[in-house]
Amino acid sequence: MNQRFKGAIEGIVQGVGFRPFIYRLAARHALSGYVTNTASGVDLEIQGEETDVHRFIEALPTELPPLAHIASAAWRPLPVKKEGFFQIRMSETGEERSALISPDVCVCADCLREMRDPANRRFGYPFINCTNCGPRYTIIKDIPYDRAATTMDVFTMCPACRAEYDNPADRRFHAQPNACWECGPRVSLHDPEGALIQCANPIKKSISLLSRGAILAIKGLGGFHLAVNAEDHEAVVRLRKRKHREEKPLAIMVKHLDNVFKLAHVDPVERKLLRSGQRPIVILKKRRSHGLSPQVAPKNTHIGIMLPYTPLHYLLMEGLFRALVMTSGNMTEEPINTTNPNAFKNLHKIADYFLIHNRNIYLRSDDSVVRVIDGVPRQIRRSRGYVPRPLFLSPELNTLPPVLSVGGELKDTVCLTKANRAFLSQHIGDMENLETLEFFNLTVRHLKRILEIQPEVIAHDLHPDYLSSKFARHQSEAPTLAIQHHHAHGVGCMAEHGLKDPVIGVVLDGTGLGTDGQIWGGEILLCDLTSFERRAHLTYVPLPGGDAAARFPWRMAMAYLYEVFGDDCFNLPIPFVQKLDQQEAALILRMARKGVNSPLTSSFGRLFDAVSALIGLRNKIAYEGQAAIELEMCQTQKEEGEYAWKIDQQGDRWVMSVDETIRMVVDDLRKGTRRGMISRRFHRSVIKMLTAACQKVKEESGLNRICLSGGCFQNATLLSGLTTALEGSGFEVYSHVQVPTNDGALCLGQAVCAGLTHAGMKGAFAESYEIHG
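What comes next is a walk through the structure. (Residues numbered from 1 in each chain as written. Predicted model: local features only at pLDDT ≥ 70, side-chain atom pairs only at ≥ 80, totals over all residues. Heavy atoms only, no water.)

## Thoughts on the overall build of the protein
Cut-off, in case you're wondering: Every helix listed is a DSSP run of H or I at least four residues long, and every strand listed is a run of E at least two residues long, numbered separately from the N terminus. Using C-alpha atoms as the atom set, the radius of gyration is obtained and then compared with a globule rule of 2.2 Å times the number of residues to the power 0.38. Summary of the burial criterion: residues with accessible area below 20% of their type's maximum are buried, those above 50% are exposed, and those between are partly exposed, where the area comes from a 1.4 Å probe applied to protein chains only. For every accessible area listed, the method is Shrake-Rupley and the probe measures 1.4 Å; residues are considered covered only by the protein chains on display. Charged-residue counts in this description rest on Lys and Arg as positive and Asp and Glu as negative, His and the chain ends being excluded. The atom standing in for a charge is NZ when the residue is Lys, CZ when it is Arg, CG when it is Asp and CD when it is Glu.
The number of helices and strands found in the protein is 23 helices and 32 strands. Here the protein has a C-alpha radius of gyration of 28 Å; the compact-globule value for 773 residues is 28 Å, and the two agree. For the C-alpha atoms alone, the extent of the protein along its principal axes is close to 90 × 65 × 50 Å. Across the 773 residues of the protein, 61% fall into the buried class. By element, 49% of the accessible surface of the protein is carried by carbon and sulfur atoms, the whole surface being about 29300 Å². Across the protein, the centroid of the 91 positively charged side chains sits 6 Å from that of the 85 negatively charged ones.

Quick look at the structure:
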């Protein structure tokens, strides 16, 4: 008996070969009907024998194309029609757009085979792609995802490409970036002034230039890279000097896995990540004999490595070099360049040559960065390859009103919500200059348009002076809500794991404005999705010079020494004190004691900075988090001893004191104890202190679930050690996996908290929020 069903499928189902997949699946089961793109996803009707119809429905979610993802599929029966074939219909438009867009993904094996085949018409073509691979998010201007709504609209397909595009049986059926040598984008080589360099093969010429030590600006998928031979020490040093990037590690691109194994230690999870379609930069432990310039990742035991992900990369990696530095094409602290004119303007003093192309990048997207901790991939920077795929929140949040949340100041991202989907943007960067603010504005406008979301409330950080907060407060389209920084961190972790009941939130980071006007950063909160109470924190110390204390860790070391030893701190027989500029140190301490530009802070990030400076690692940093990173990297692995600490009750909360910790660190320095051992003991002590504080909060609250969040948990020793200690004490522990633990996911917590507050959900704790405007 014949049956007919209508299906409405939502998810990543456009531009990923989904309709031809449905067409072939229907043909296999002898079904008639149709499939079409809609503003919400894909609609289809199928008709045939009852058994065949049900086999089709069962097979559909299990045989998806590589890039497809089904978020929901609704089926309903229809009357049988007189119909003898199955067809792919033209895209439909609708009033509301909710189709999901695929991220940009690595070139597939089929396309690589064709690119390397001298008999293929796309032999050596650097923009080869199909429905299973290639650019998506960075070229999309609007939806439905059709060629006219992408930056490929200026290229008219030749007859051969058009035939592939129109053929439902072809791998390139409706592959919107489909092109070839005849009709598609081209590469060209230029000098620093933008003048064209005439050559038969710009890519081969670029390989030759890189082999001779040149710095190339290379236009890629989501922006420009600056590239040099990673084994050429002089070239790497020259790149650092020109880019004003003193010590921050540089990412490298390696030809294939065999070369990665020679440079770094790789476990099975890391290997899978390297080869994934997302092709992130994976943070790996260096081998001692790696052969790269020591300036690729100085004073760091790890290195960021990625495999090629575009056809152009694969062609460039045919050179004799084992690895290329592939760092973002920008001046330090500015957004990555995306247009040819801007690249010539902004990078001509860095790059010796420019390898560019004429396919426009609509939206920039930096490389994603991932690190595996305890066998679990953890996002450090979630961008290319992952965005704009949403996080699917718990079913209870289906009624969440549309929210725009704008993050904080550092590592900024924005978030838009639609029902139970949270769309986090690509990495925007530190909101400290006009260029980044313009990128921020473009990203907000673009996501609102392609997702067709009109926010009912706009959430921002409690700090009023952040550019993102000012942006939110100056909007007139919706009321605003300021969310406390550390509560947003906790809610973000809760939302990622689908938790709705109250938890203990352990949030450790560098800075976040507290409700008392001080700078928090070592917080243990009781929190639910819309409210919180501060139950424990690190003891307050002055932050000498405000933000300057983060750039000069020696200031924090002096603040802690003075808290413990008073004026005797200047007489301590340790190298740190002996090398100080006594007059400058005295001036900084006077400023701190008088409270001049010296707010109080409970920051764990600044505590790690202080210890790093004390043991002689870092008095001044060249990039964010450097002091704490080097403190973790230098530690020995021997479990020998630990330091004392105290937890005292002050009023209604517990205060963690590290006075004795600092005193014992100084004693070890007097004895000449190796800095690696001091670092190890310090890490162990912090883990034990935090575990004890959580036990006290648990005894008072009865809560057993803990969410760990904040930038300090990028420290693998801290995250792994604290998780193990808490689980050993009977806690159920959650930490970030899908989104970064740093401020790159602050917007997720802001969005969920603001949406539920706007919807009228009341929290259980004292600190709650009011909508403004």
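Here the narrative resumes.
## A short note on the state of the cysteines
As a reminder of what qualifies: Count a disulfide wherever a pair of cysteine sulfur atoms falls within 2.5 Å.
Evaluation of the coordinates by the stated rule reveals 0 disulfides. Left without a disulfide partner, Cys133 is nearest to the cysteine sulfur of Cys108, which lies 3.7 Å away. Judged by its relative accessible area of 0%, Cys133 is buried. With no disulfide of its own, Cys694 lies 11 Å from the sulfur of Cys707, the closest cysteine sulfur. Judged by its relative accessible area of 0%, Cys694 falls in the buried class.

## Here we look at the sheet that holds strand 20 (residues 415–418)
Quick note on the threshold: Two strands qualify as a pair provided that DSSP identifies no fewer than 2 bridges between them.
With mixed pairing, 6 strands are arranged side by side in an open sheet as 18-21-20-19-22-23. With partners counted over all chains shown, the strands left at the sheet margins are strand 18 (391–392) and strand 23 (480–483), one partner each. Relative to strand 21 (residues 421–424), strand 18 runs antiparallel, the two sharing 2 bridges. Its bridge partner lying in strand 21, Leu391 is registered against Ala422.

## Brief notes about the environment of Val491
We apply this condition: By definition in these notes, contact holds between two residues if any of their heavy atoms fall within 4.5 Å.
If you trace the backbone, Val491 turns up in helix 13 (residues 485–496). With 324 residues separating them in the primary sequence, Val491 and Asn167 have C-alpha atoms 48 Å apart. Those residues within four positions of Val491 in sequence are excluded, and the remaining contacts are Asp528, Leu529, Gly749, Val752 and Cys753.

## Quick look at the environment of Asp366
Counting through the fold element by element, Asp366 comes out in the loop between strand 15 (353–357) and strand 16 (369–373). Overall, the relative accessible area of 9% leaves Asp366 in the buried class. Linking Asp366 and Asn704, residues 338 residues apart in sequence, is a C-alpha distance of 38 Å. Other than its neighbours up to four places away in sequence, Asp366 contacts Ser328, Ile336, Arg381, Ser383, Arg384 and His427.

## What to know about helix 22 (residues 716–728)
For clarity, the cut-off: Under the convention used throughout, the expected extent of a helix is 1.5 Å for every residue step, that is, one less than its residue count. Residues adjacent in sequence count toward polar contacts only when both atoms are side-chain atoms; beyond that, a polar contact is any pair of N or O atoms within 3.5 Å, and within protein one must be able to donate a hydrogen and the other to accept it.
With 13 residues, helix 22 should reach 18 Å at 1.5 Å per residue; the first-to-last C-alpha distance of 18 Å fits that figure. Taken together, the buried positions of helix 22 are Ala716, Thr717, Leu718, Leu719, Ser720, Leu722, Thr723 and Leu726. Its side-chain oxygen placed 2.9 Å from the backbone nitrogen of Thr717, Asn715 serves as the N-cap of helix 22. Positive backbone phi, at 95°, marks Gly730, one or two positions downstream of helix 22.

## As for the pattern of salt bridges
Inclusion rule: Salt bridges are defined as contacts in which a side-chain nitrogen from Lys or Arg sits within 4 Å of a carboxyl oxygen from Asp or Glu.
Counting across every chain of the model gives 34 salt bridges. Glu45 is the salt-bridge partner of Lys81, the closest N and O atoms lying 3.8 Å from each other. In this pair, Lys81 sits in the loop between strand 4 (69–78) and strand 5 (86–88) while Glu45 sits in strand 3 (residues 42–49), placing the two residues 36 residues apart along the sequence. Accessibility expressed as a relative area gives 45% for Lys81, which makes it partly exposed. Between Lys500 and Glu396 there is a salt bridge whose closest N-O contact spans 3.8 Å. On the criterion of sequence distance, the pair formed by Lys500 in the loop between helix 13 and strand 24 (503–513) and Glu396 in the loop between strand 18 and strand 19 (403–405) is long-range, its members being 104 residues apart. Using a relative accessible area of 44% as the deciding quantity, one classes Lys500 as partly exposed. Via salt bridges that share partners, Arg4, Lys6, Asp43, Glu45, Lys81 and Glu83 belong to a single interconnected network.

## Some remarks on the packing of aromatic side chains
Heads up, the rule is: What counts as a ring pair is set by centres within 6.5 Å for rings of Phe, Tyr and Trp (its six-membered ring), and what kind of pair is set by the plane angle: stacked under 30 degrees, edge-to-face over 60, tilted for all other angles. Placement of a charge over a ring requires the Lys NZ or Arg CZ to be within 6 Å of the ring centre, with the centre-to-atom vector within 35 degrees of the ring normal.
Tallied over the entire structure, the rule returns 8 aromatic pairs. Consider the rings of Tyr23 and Phe86, whose centres lie 6.3 Å apart with planes at 70°: the pair is edge-to-face. In this pair, Tyr23 sits in helix 1 (residues 18–28) while Phe86 sits in strand 5, placing the two residues 63 residues apart along the sequence. Looking at Tyr23, the relative accessible area reads 28%, which means it is partly exposed. A relative accessible area of 11% places Phe86 in the buried class. Members of the aromatic cluster, connected to one another through ring pairs, are Tyr125, Phe127 and Trp181. The aromatic ring of Phe731 is capped on one face by Lys698, whose charged end is 4.8 Å from the ring centroid.

## Looking at helix 13
The first and last C-alpha atoms of helix 13 sit 17 Å apart over 12 residues, in line with the 16 Å expected at 1.5 Å per residue. Looking at where helix 13 begins, the residue whose side-chain oxygen comes 2.8 Å from the main-chain nitrogen of His486 is Gln484. Looking one or two residues beyond helix 13, the residue adopting positive phi is Gly498, at roughly 70°.

## Focus: the pairing of strand 24
The element strand 24 is extensively covered by neighbouring structure, given that 9 of its 11 residues are classed as buried. Alignment of strand 24 against strand 25 (residues 519–527), held across 8 bridges, turns out to be antiparallel. Residue pairing for strand 25: Gly505 is matched across the bridge by Leu525. Hairpin connection, strand 24 to strand 25: the antiparallel pair is bridged by 5 residues, and Gly517 has positive phi, about 85°. Relative to strand 31 (residues 705–709), strand 24 runs parallel, the two sharing 4 bridges. Residue pairing for strand 31: Gly505 is matched across the bridge by Cys707.

## Quick word on the packing of helix 18 (residues 604–614) against helix 19 (residues 626–634)
Helix-helix packing: each pair is described by the crossing angle between the helix axes and the interaxial distance. The line we're drawing: The axes used here are C-alpha line fits, helices contributing only the stretch in contact, and every angle between their N-to-C directions lies in the interval 0 to 180 degrees. Each helix crossing is assigned a hand: it is left-handed if the near helix lies turned anticlockwise from the far helix by less than a right angle, otherwise right-handed if that turn is clockwise. In the scheme used here, Gly and all other residues not listed as nonpolar or charged are polar, with Ala, Val, Leu, Ile, Met, Phe, Trp, Tyr, Cys and Pro taken as nonpolar and Asp, Glu, Lys and Arg as charged.
At a minimum axis separation of 8 Å, helix 18 and helix 19 run at an interaxial angle of 65°. Crossing of helix 18 against helix 19: the hand is left-handed. For the pair formed by helix 18 and helix 19, the contact residues are Phe608, Asp609, Val611 and Ser612 on the first element and Ala627, Ala628 and Leu631 on the second. Residues belonging to the contact of helix 18 with helix 19 are distributed by class as follows: 5 nonpolar, 1 polar and 1 charged.

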